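A closer look at the structure
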Amino acid sequence: MVGSKIRFLGFYLLCMGFCPLGVEAADPEVLKPRVPSAQMEEARSWKNPFPSTPENIQIGKSFFHGKAFCKTCHGKDGKGMGDIPGLTGKLPRNFTDKDWHAARMDGELLWVLKNGSPGTAMVSFIPQILTVDEAWHVILYVRSFGK
Ligand code: HEC
């Protein structure tokens, strides 16, 4: 984890160096779509059938911290600083990043929960661990970090 913290710090310093006004820009690597372009149209057509009510967010939260163990990598506060020793490669997503929320449609998040993000520690959770309906609830909770 120390390695990734150093990498994160490195990115932060790099960003500060390149942003003329000192505004912290989102990492362009992070904003790149994860869904392959051939599947994007279909993924974007998937809409969350569950409204973002406190009750539904609470259901999603129980999976995030419970059987779907998202918090081990994304952290209990959603900041992407989980505590898996030796996790290498791309860092877990920071769900408090508003630019990232703006860059993704809900269907793209469902696609990642179905397929994982190939080549990273983000594996697929549907259908092994979550049903599609459960995943939509988790997505409501993930979105709540960005508000
Ligand atoms: C073993 C660690 C690990 C676990 C457990 C994990 N993730 Fe991830 N997650 C990652 C990593 C690493 C990335 C970054 C992948 C990338 O940059 O493409 C990621 C990325 C994501 C993304 C962003 C994809 C995008 O479009 O940018 C979402 C959404 C996500 N995870 C949701 C979840 C949810 C919900 C759970 C629980 C069901 C979960 N993750 C569990 C490691 C994990």
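The structure under discussion appears in the preceding block.
Described below are features of the structure shown in this document. (Residues numbered from 1 in each chain as written. Predicted model: local features only at pLDDT ≥ 70, side-chain atom pairs only at ≥ 80, totals over all residues. Heavy atoms only, no water.)

1. A closer look at the coordination of the iron atom of the ligand
- Every protein donor of the iron atom of the ligand is accounted for by His74 (NE2) and Met122 (SD), and the metal-donor separations fall at 2.0 to 2.1 Å.
- Using a relative accessible area of 10% as the deciding quantity, one classes His74 as buried.
- Overall, Met122 belongs to the partly exposed group, its relative accessible area being 23%. (Donors = N, O, S within 2.8 Å, 3.2 Å for Na, K, Ca; no water. Buried < 20%, exposed > 50% of the residue type's maximum accessible area, 1.4 Å probe, protein only.)

2. Looking at the site of the ligand
- Taken together, 24 residues lie near the ligand, and Cys70, Cys73, His74, Ser117 and Met122 sit nearest.
- Trp100 places a side-chain nitrogen or oxygen 2.9 Å from an oxygen atom of the ligand.
- Note that an oxygen atom of the ligand is positioned 2.6 Å from one of the side-chain N or O atoms of Arg104.
- Mapped by element, the contributors of at least two residues to the shell around the ligand are helix H5 (71-74) and helix H7 (106-115).
- When the residues that make up the shell around the ligand are grouped by side-chain class, the tally is 16 nonpolar, 4 polar and 4 charged. (Near = heavy atom within 4 Å. Polar contact = N/O pair within 3.5 Å; in protein donor to acceptor, adjacent residues only side chain to side chain. Helix = DSSP H or I, 4+ residues; strand = E, 2+ residues; numbered from the N terminus. Nonpolar A, V, L, I, M, F, W, Y, C, P; charged D, E, K, R; others polar.)

3. A look at the pattern of salt bridges
- Scanning all chains against the criterion turns up 4 salt bridges.
- Between Lys32 and Glu29 there is a salt bridge, and its shortest N-O distance comes to 2.6 Å.
- Residue Lys32 is classed as partly exposed on the basis of its relative accessible area of 45%.
- With a closest N to O distance of 3.2 Å, Glu108 and Arg44 form a salt bridge. One end of the pair, Glu108, is in helix H7; the other, Arg44, is in helix H3 (residues 37-45), and 64 residues separate them in sequence. (Salt bridge = Lys/Arg side-chain N within 4 Å of Asp/Glu carboxyl O.)

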